[in-house]
Amino acid sequence: MIWLSWRQFRVQALAAVLTLALATSYLGYLGLDIRDAHDAYREQCRTEADCAEAAARFRGAYENTLLFLAGGLALVPAVLGAFWGAPLIARELEAGTHRLVWNQSVTRVRWLLTKLLVVGLSAMAVTGAASALLTWAASPFDEVARSRFSALEFGARNIAPLGHAALAVALGVVIGLVLRRTLPAMALTLAVSLALALLVPNFVRPHLMSPEPASLPMTAQAINEAKSLGSITGGAAVGGLRLPDEPGAWISHTSPLRTADGRALDEATFNKCLDDPPVTGAGGRFGDTAVCLGELGLHVDVSYHPAERYWPFQWLETALYLAAGALLTAFGLWRVRRRLN
C-alpha cells in the first residue's frame, strides 16, 4: 500500500523537490547577502545615533523582500492542502478506482491512513525545509528588527509551518471525502486554509497565553517611535509601539490614547494636534504633532508577551494545528469506515 501510494504521488513529489531546489538556491544567496549587510551594519554601529541610522538602512533594504517571502511561505500549506490533500481521495471516489483497492486485502482504514501519511509527511517535509531555509536566511534581520512575533513572520519561521501543513492536508482529505468531487474540494480547501492563515494569528494566537499588562507614557519621543497615529474610525489611536524595557516583546493590544485620569483622549483634541499643531519646527516621524500630544500628559495601556515566550508560542500553535489535524483524520477514518459506500 505504501508503494502504491508513492507511485501515485511521485510526480507531485518530484515537482516539490525541483521547486525546493530553486528555493534553496535563492534563499542561500539571499542569506549570504543579508549576512554581508549585517556585518557592514555592525561596523557602522559605533554610537547610539549611528546604530539607529544603520539599523534603519539595514531593515529598509530587506524588510519588503522578507515580508513577501513570508507571505509566500504562508501560502504553501494552503496550496499543498488544495493540490495534494483535496484530490487524494476525492479523485479516487470520483473515478470509482477506490473499489479496486477495497476488493483486495487492504482495509478502508489502512487505505486512507497510508495515503494520508505519505502525503501529509511529504507536505510537512517540504514546508519544514522551506521554513528552515527562510529562518536561516532571515536570522540576522530578525536579530536587528526584533519583530519575530509579527503575524507573517511568526507563521513563516521555525516549526509553526509544519503544523499548518499537516492541518491543511488533513483538511483537504476530509473535504474531498465529504464532497467526493475534486475541483470543488480543491477550491474549498484553499479557501478554508487561507482563512485559517488569517484568523489564527489575529484571533487565536494572542489567547494561547495570558498577556502581561503595562502602561506606557506617550511623550513626544515615544510618539515619534510609533509607526502610526489615528485610525480609520477617527479615534485617538497609536500603533506600532515598542516596550523600551522589553526588546522584542509582542504588544498584542493597545488602548486608545488616555489622559492622566484614565479617560480616552477626546477626538477633537486629538484631531487638532494631528491636523493643526502649533509650529515648533520639531523633527521626527510626527514632528509638531508629537510635541503637541506629548504636552498633554498622555499614556496608553498595553497587553504584551515577553520575548522569551516566542518558543512556547511556536510549540503551542504547532500543537494546536496538529491536534486539529488529528481530529480531522479521526473523522475521516470514521467516515470512510462507517458512512462511505
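Residues numbered from 1 in each chain as written. Predicted model: local features only at pLDDT ≥ 70, side-chain atom pairs only at ≥ 80, totals over all residues. Heavy atoms only, no water.

A word on the overall build of the protein. In terms of regular secondary structure, the protein is built from 11 helices and 5 strands. By sequence separation, contacts in the protein at least 24 residues apart represent 79% of the contacts at least 6 residues apart. By element, 61% of the accessible surface of the protein is carried by carbon and sulfur atoms, the whole surface being about 17700 Å². Distance between charge centres in the protein, computed from 29 positive and 27 negative side chains, equals 22 Å. (Helix = DSSP H or I, 4+ residues; strand = E, 2+ residues; numbered from the N terminus. Contact = heavy atoms within 4.5 Å. Areas by Shrake-Rupley, 256 points an atom, 1.4 Å probe, with all protein chains shown as cover. Lys, Arg positive; Asp, Glu negative; His and termini not counted. Charge placed at Lys NZ, Arg CZ, Asp CG, Glu CD.)

For the rest of this paragraph, the subject is a nonpolar patch on the surface. Side chains of Val178, Leu179, Leu188, Phe331 and Trp334 sit close together on the surface and give an oily, nonpolar patch of about 410 Å² of accessible area. Of all the elements in the fold, those that place two or more residues in the nonpolar patch are helix H6 (160-179) and helix H11 (310-338). In this fold, leucine 188 is placed in helix H7 (residues 182-204). On the basis of relative accessibility, which here comes to 39%, the residue leucine 188 falls in the partly exposed class. (Patch = residues over 30% accessible without salt bridge, like charges linked within 9 Å, V, L, I, M, F, W, Y side chains within 5 Å. Salt bridge = Lys/Arg side-chain N within 4 Å of Asp/Glu carboxyl O. Buried < 20%, exposed > 50% of the residue type's maximum accessible area, 1.4 Å probe, protein only.)

On to helix H4 (residues 108-145). Since the α-helix advances by 3.6 residues per turn, residues separated by three or four positions end up pointing in the same direction. Roughly 55° is the biggest bend found in H4, and it falls at serine 139, with proline proline 140 one to four residues downstream. Two residues or fewer past H4, arginine 146 is found with a positive phi of approximately 50°. (Bend = angle between axes of the 7 residues up to and from the residue.)

Turning our eyes to something else, we now look at the nonpolar core. In terms of nonpolar packing, the biggest core is built from 23 residues, with Met218, Val238, Leu241, Leu257, Leu293 and Val300 touching the most fellow members. Where this core is concerned, the elements lending two or more residues are helix H8 (220-225), helix H9 (267-275), helix H10 (287-294) and strand E5 (299-305). Leaving out residues up to four positions away in the same chain, leucine 241 has contacts with Leu216, Met218, Ala222, Ala226, Ile251, Thr254 and Val300. Core analysis: the next-biggest nonpolar cluster, separate from the first, contains 19 residues, Leu30, Tyr41, Ala54 and Ala156 among them. (Core = buried A, V, L, I, M, F, W, Y, C linked by side-chain atoms within 4.5 Å.)

Here we take up the packing of H4 against H11. At a minimum axis distance of 9 Å, the contact between H4 and H11 shows a crossing angle of 155°. In terms of orientation, H4 and H11 fall into the roughly antiparallel class. As for the relative orientation of H4 and H11, their crossing is right-handed in sense. When H4 is examined against H11, the residues Arg108, Val109, Trp111, Leu112, Leu113, Leu116 and Met124 are found in contact with a partner set consisting of Leu322, Thr329, Gly332, Leu333, Val336 and Arg337. Classifying every residue of the contact of H4 with H11 by side-chain character gives 9 nonpolar, 2 polar and 2 charged. (Axes fitted to C-alpha atoms, helices over the stretch in contact; angles between N-to-C directions. Parallel < 35°, antiparallel > 145°, perpendicular 65-115°, else oblique. Left-handed = near helix turned anticlockwise from the far one by under 90°. Nonpolar A, V, L, I, M, F, W, Y, C, P; charged D, E, K, R; others polar.)

The next thing to look at is the side chain of threonine 329. Here threonine 329 lies in helix H11. In this view, threonine 329 contacts Leu113, Leu116 and Ala170; residues no more than four positions away in its chain are not counted.

By the definition in use, this model includes 1 disulfide. The disulfide that involves cysteine 273 links it to cysteine 292, with 1.9 Å between the sulfurs. Across the disulfide from cysteine 273 to cysteine 292, rotation about the S-S bond amounts to roughly -60°, and the bridge is consequently left-handed. In this pair, cysteine 273 is assigned in helix H9 and cysteine 292 in helix H10, connecting sequence segments 19 residues apart. Cysteine 292 gets classed as buried once you look at its relative accessible area, which sits at 13%. (Disulfide = S-S within 2.5 Å.)

Counted by the stated rule, this structure contains 11 aromatic pairs. Aromatic side chains phenylalanine 149 and tyrosine 310 sit 5.7 Å apart centroid to centroid with 75° between the ring planes, which places their arrangement in the edge-to-face category. Remark: tyrosine 310 occurs in helix H11 and phenylalanine 149 occurs in the loop between H4 and helix H5 (151-155); sequence separation between them is 161 residues. Per residue, the accessibility class of phenylalanine 149 equals that of tyrosine 310, and both read buried. Consider the rings of phenylalanine 331 and tryptophan 334, whose centres lie 5.8 Å apart with planes at 35°: the pair is tilted. On the criterion of helical spacing, the pair formed by phenylalanine 331 and tryptophan 334 is a turn pair, its members being 3 residues apart in helix H11. Relative accessible area serves as the criterion here: at 33%, phenylalanine 331 is assigned to the partly exposed category. (Phe/Tyr/Trp six-rings, centres within 6.5 Å; stacked < 30°, edge-to-face > 60°.)

Taken residue by residue, the protein gives an average pLDDT of 87. The fraction at 70 or more is 91%. Ranking the helices and strands of the protein by mean pLDDT puts H6 first, with 94, and helix H3 (residues 98-102) last, with 59. (pLDDT = per-residue confidence, 0-100.)

In this section: the UniProt feature "transmembrane region" (unreviewed entry) in the protein. The sites that carry the UniProt feature "transmembrane region" (unreviewed entry) are, in the present numbering, residues 66-90, 111-139, 159-179, 186-204 and 318-336. In this annotation, residues 159-179 is assigned 95% helix and 0% strand; the end-to-end C-alpha distance for the span is 31 Å. As a span, residues 318-336 carries 100% helix and 0% strand, and end to end its C-alpha atoms are 27 Å apart. (UniProt positions renumbered as here; feature names shortened; annotations may be inferred.)

As a further point, take unusual backbone geometry. Phi at arginine 146 takes a positive value of approximately 50°, unusual for a residue other than glycine. Along the chain, the position of arginine 146 falls in the loop between H4 and H5. Classification of arginine 146 by relative accessible area gives partly exposed; the value is 45%. A positive phi angle is found at arginine 180, which is not glycine, with a value near 60°.

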